[in-house]
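Below, each chain spelled out in residue letters.
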Amino acid sequence: METSGGIQASLSGRYATALFELARDGKAIDAVEASLGRVRAALDQSDDFARLTTNPLLSRINAGKGVAAAADVIDVDDTTKKFLGVLAQNRRLGELPAIIRSFRALAANHRGETTAEVVSAHPLTDDQVDALKDQLRARVGRDVSVDLSVDPSLLGGLVVKIGSQMIDSSIKTRLNTLAHAMKG
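What counts, and at which threshold
Residues numbered from 1 in each chain as written. Predicted model: local features only at pLDDT ≥ 70, side-chain atom pairs only at ≥ 80, totals over all residues. Heavy atoms only, no water. 1 Å grid on protein atoms, 1.4 Å probe; cavity = no way out; pocket = protein on both sides within 12 Å on 5 of 7 lines; lining within 4 Å. Points joined across faces, edges and corners; volume = space filled by probe spheres on them. Helix = DSSP H or I, 4+ residues; strand = E, 2+ residues; numbered from the N terminus. Nonpolar A, V, L, I, M, F, W, Y, C, P; charged D, E, K, R; others polar. Patch = residues over 30% accessible without salt bridge, like charges linked within 9 Å, V, L, I, M, F, W, Y side chains within 5 Å. Areas by Shrake-Rupley, 256 points an atom, 1.4 Å probe, with all protein chains shown as cover. Salt bridge = Lys/Arg side-chain N within 4 Å of Asp/Glu carboxyl O. Lys, Arg positive; Asp, Glu negative; His and termini not counted. Charge placed at Lys NZ, Arg CZ, Asp CG, Glu CD. Buried < 20%, exposed > 50% of the residue type's maximum accessible area, 1.4 Å probe, protein only. Pairing = 2+ DSSP bridges.

Chemist: Even after reading the chapter, I still don't get the layout of surface pockets, so can you show me in this structure?
Modeler: Gaps left between atoms show up when a probe the size of a water molecule is rolled over them. Quantified by volume, the largest pocket comes out at close to 700 Å³. Every residue lining the largest pocket is counted, 29 residues in all, and those nearest its centre are Arg 104, Val 129, Val 146, Asp 147 and Leu 148. Broken down by secondary-structure element, the contributors of at least two residues to the lining of the largest pocket are α3 (29-45), β1 (114-120), α8 (126-140) and β2 (144-150). Grouping the constituent residues of the lining of the largest pocket by class yields 10 nonpolar, 6 polar and 13 charged.

Chemist: I tried to follow unusual backbone geometry on my own but got confused; where do I start?
Modeler: A negative phi angle is the norm for most residues apart from glycine, just as the trans form is the norm for most peptide bonds. Of note, Lys 27 is a non-glycine position whose phi angle comes to about 50°, a positive value. One non-glycine residue, Arg 91, lies in the positive phi region at around 55°. Secondary-structure assignment places Arg 91 in the loop between α6 (78-89) and α7 (96-110).

Chemist: How should a positive patch on the surface be read in this particular structure?
Modeler: A cluster of basic residues, Arg 14, Arg 60, Arg 91 and Arg 92, forms a positive patch on the protein surface. For Arg 60, the position within the fold is in helix α5 (residues 60-73).

Chemist: How should the pairing of strand β3 (residues 158-162) be read in this particular structure?
Modeler: Burial within β3 is extensive, with 4 of its 5 residues counted as buried. In this structure, β1 lies alongside β3, joined through 5 bridges in antiparallel fashion. Considered in β3, the bridge of Ser 120 is made with Leu 158. The hairpin formed by β3 and strand β4 (residues 165-168) contains 2 residues between the paired strands, and Gly 163 there has a positive phi angle of roughly 60°.

Take it as geometry only, folks, not as evidence of what the structure does.
Pasting the structure below:
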């Protein structure tokens, strides 16, 4: 499991830590985490929003206006909206995926949970996520929060990373292993 000190070593980790401390002090960890989940979904589902966060030609002012408008549409809390504005002003919107991962790890650690990064070929249903959490809880012996993302190139299956441990049951990896074995 990543420690708070390890998270703070990276630029995205320092931003995530600052946001976490604001959320903790404002008793808004759950609200910010839910808002960041909506931001993550918007990054995955909206090419326009993803471009907004990574376009180096966009001025700080226009990036700030764009992200503020997007924040209203995806219904984020005030703390997260202000934080997105700071990222736009500092030209750090491109760090959002890493910041969100680090924030989730900090929030999970705060709750006494372990965080698992889960990549699937297709979005998982709520029932599938619950079943996965149960299996991971049995494996690691404590509650597990999951950071979900989708990578269609996996074809099927999952890649799960908990700390430094990786469980790769993707069809892509199985096919690559089979192809390698057949070469001899």
